[in-house]
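# Architecture at a glance
Residues per chain are reported as follows:
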Amino acid sequence: MSKKKLYSIFAAIALVLVLGVAAYFMLRTKADASAALPADATAIGRVDLVRLAAGDNILRRELIRFLPNEDIRQTGIDISQQGYVFAYQNYFGAILPLKDERAFLQQLQIGQNQLSHERGMRWGRVMDNFLLCSDGDKALVLGPVAEMEMEQLRPVVYDWMRQTSAPTDNKLFAALEGRSAVLTLATSAAILPRQFAEKIFLAMPSDVKLDGSLLIAEFQEQEKGVRVELELKDEDPRLKKYLDSLDKVLIPLRESHEMPAEDITFCATAGIDGEKLLLLLRQNADLRTKLLGANMIADVDLMIKSIQGTVNIMQTSKGEHYLQAQLKDNGFMQNVSDWNTGASQSADVQFLPAKNNCYIMAYQKHVYYFGAREMRFFATNAERLAYRNTELKSVNGENKLLLNANIGALLGEAASILPFKPTLRIGMKDVRHATVILGE
């Protein structure tokens, strides 16, 4: 074979190899960062990196504070894609798409001598107890991880990084679809402690489970605080039936009766249909038993049925409580003098008349004041509040429940670490949707 022909063959082979390599890098598509999400993650969140990189607000500052450079565009992160966060067992993780791996590692102040290379991945440690893995296209950070767990978790993280598609079968990931907040989180509603859930969802029967339902939070930009839109997606038929019944108890708020706010630390306001509330309470076996006992002392059923409209519950910085409820009928107050029966006496409860349509209920060493004025029932553990008028405030009717809290008064000195004004506002337009505002 002539040299000329041999050179032609080698040239053709070289050309094919060059074209093949070029085609590979030109046609190769990066795996989306979501591909590295664990299929069995217990919480999944999506971060809109474009919106996170723009503007300046508390949410943005809190989400990027682990980066030395506040300009995300200079960190090596590819903001044209979505970032993800997740919970797995007792760990929290983040997955970030990369456009410049070297710049990203430099921003985290990780030198090449601090990285190990294993099976095409770069491994390191961030903030002492977070495991870092990068494949050039994306970086995954997981922690906090104890020293002895680092090596054990490497094979797990490696398998996640090798995945080629998002966990579409995971209903948490599917719940993120179509939502456009800066940060959207989805987790099981079972994350709510049972006792806490029962306080939120009044009279929730014991056989109603939260495991199969989702809690979704959408974090929105707000200049001086954080706004979160919450949604409960009930997939359990028993929970759905119960929430439908609870939603019928609540009615749109048209007005709120509030006390002067100089020392109020907590105020909850709801529109209540008393007759439907009583029916719901009776469906809970434990509450039904307690109602039977309470009715042997006072006309509790009739009191509840008489409620129609705004109900306020307030707490002061001195630990005083005040309840006020709008009534459609105050006839039950005519029988207070008859409540001093054998049942009330055996329970060590005594009812005494006081001034200005007010009564006193003495129970052991405790004293409570209650009464009804202008179709408004009131009850309090503080004498000074029993004779204090409330202020009428109109509201727009968009919500069925409003809650305001002075976090500063509740947390004390601990509130100083909060990055926003220590106030909390919650509005619920129905039992499945709430808007939470932290700060102004």
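The coordinates are above.
First things first, this report covers the structure right here in the doc. Because the structure is a prediction, the values reported are computed rather than measured. (Residues numbered from 1 in each chain as written. Predicted model: local features only at pLDDT ≥ 70, side-chain atom pairs only at ≥ 80, totals over all residues. Heavy atoms only, no water.)

### Structural notes on the packing of aromatic side chains
Here the structure, examined in full by the defined rule, presents nine aromatic pairs. Between F86 and W160, the ring centres sit 5.6 Å apart and the planes meet at 85°, which makes this aromatic pair edge-to-face. With F86 in strand β2 (residues 82–88) and W160 in helix α5 (residues 150–162), this pair connects stretches of sequence that are 74 residues apart. Judged by relative accessible area, which is 4%, F86 ranks as buried. (Phe/Tyr/Trp six-rings, centres within 6.5 Å; stacked < 30°, edge-to-face > 60°. Helix = DSSP H or I, 4+ residues; strand = E, 2+ residues; numbered from the N terminus. Buried < 20%, exposed > 50% of the residue type's maximum accessible area, 1.4 Å probe, protein only.)

### Remarks on the environment of K240
With respect to the helices and strands, the residue K240 is situated in helix α8 (residues 237–249). On the basis of relative accessible area, K240 is assigned to the partly exposed category, the value being 41%. Sequence separation between K240 and S213 is 27 residues, and the spatial gap between their C-alpha atoms is 9.6 Å. Residues within four places of K240 in sequence aside, it is in contact with D234 and R432. (Contact = heavy atoms within 4.5 Å.)

### Quick notes on the packing of α8 against helix α9 (residues 274–282)
Look at α8 against α9: their axes get within 8 Å of each other, and the N-to-C directions meet at 150°. Overall, the two elements α8 and α9 adopt an arrangement that is roughly antiparallel. Across the interface between the two elements, Y242, S245, L246, K248 and V249 from α8 touch K276, L277 and L280 from α9. Grouping the constituent residues of the contact of α8 with α9 by class yields five nonpolar, one polar and two charged. (Axes fitted to C-alpha atoms, helices over the stretch in contact; angles between N-to-C directions. Parallel < 35°, antiparallel > 145°, perpendicular 65-115°, else oblique. Nonpolar A, V, L, I, M, F, W, Y, C, P; charged D, E, K, R; others polar.)

### What to know about unusual backbone geometry
One can expect most non-glycine residues to show negative phi and most peptide bonds to be in trans. A cis amide bond links G143 with the next residue in sequence, P144, at an omega value of -10°. Relative to the assigned elements, P144 resides in the loop between β7 (138–143) and α5. We note that D128 has phi near 75°; this positive angle belongs to a residue other than glycine. For D128, the location among the structural elements is in the loop between β5 (121–126) and β6 (130–134). Exposure remark for D128: the relative accessible area of 65% places this residue in the exposed category. Backbone geometry places E374, a non-glycine residue, at a positive phi of 50°. Among the structural elements, E374 can be located in the loop between β17 (366–373) and β18 (376–380).

### Observations regarding α8
In an α-helix there are 3.6 residues to a turn, and that puts residues three or four apart on one side. Across its 13 residues, α8 extends 19 Å between first and last C-alpha, which sits within 8% of the 18 Å expected from 1.5 Å per residue. Buried residues of α8: L239, Y242, L243, L246, D247 and V249, and no others. Down the axis of α8, the buried side of the element spans an arc of 145°, and every buried residue falls inside it. Exposed side chains of α8 directed beyond 90 degrees from the buried face belong to P237, K241 and K248. The elements touched by buried residues of α8 are β10 (225–233), β12 (264–273), α9 and β21 (423–430). Where α8 begins, the capping side chain belongs to D236, and its oxygen is found 2.7 Å from the backbone nitrogen of R238. (Expected span 1.5 Å × (residues − 1). Arc of directions from axis to C-beta. Polar contact = N/O pair within 3.5 Å; in protein donor to acceptor, adjacent residues only side chain to side chain.)

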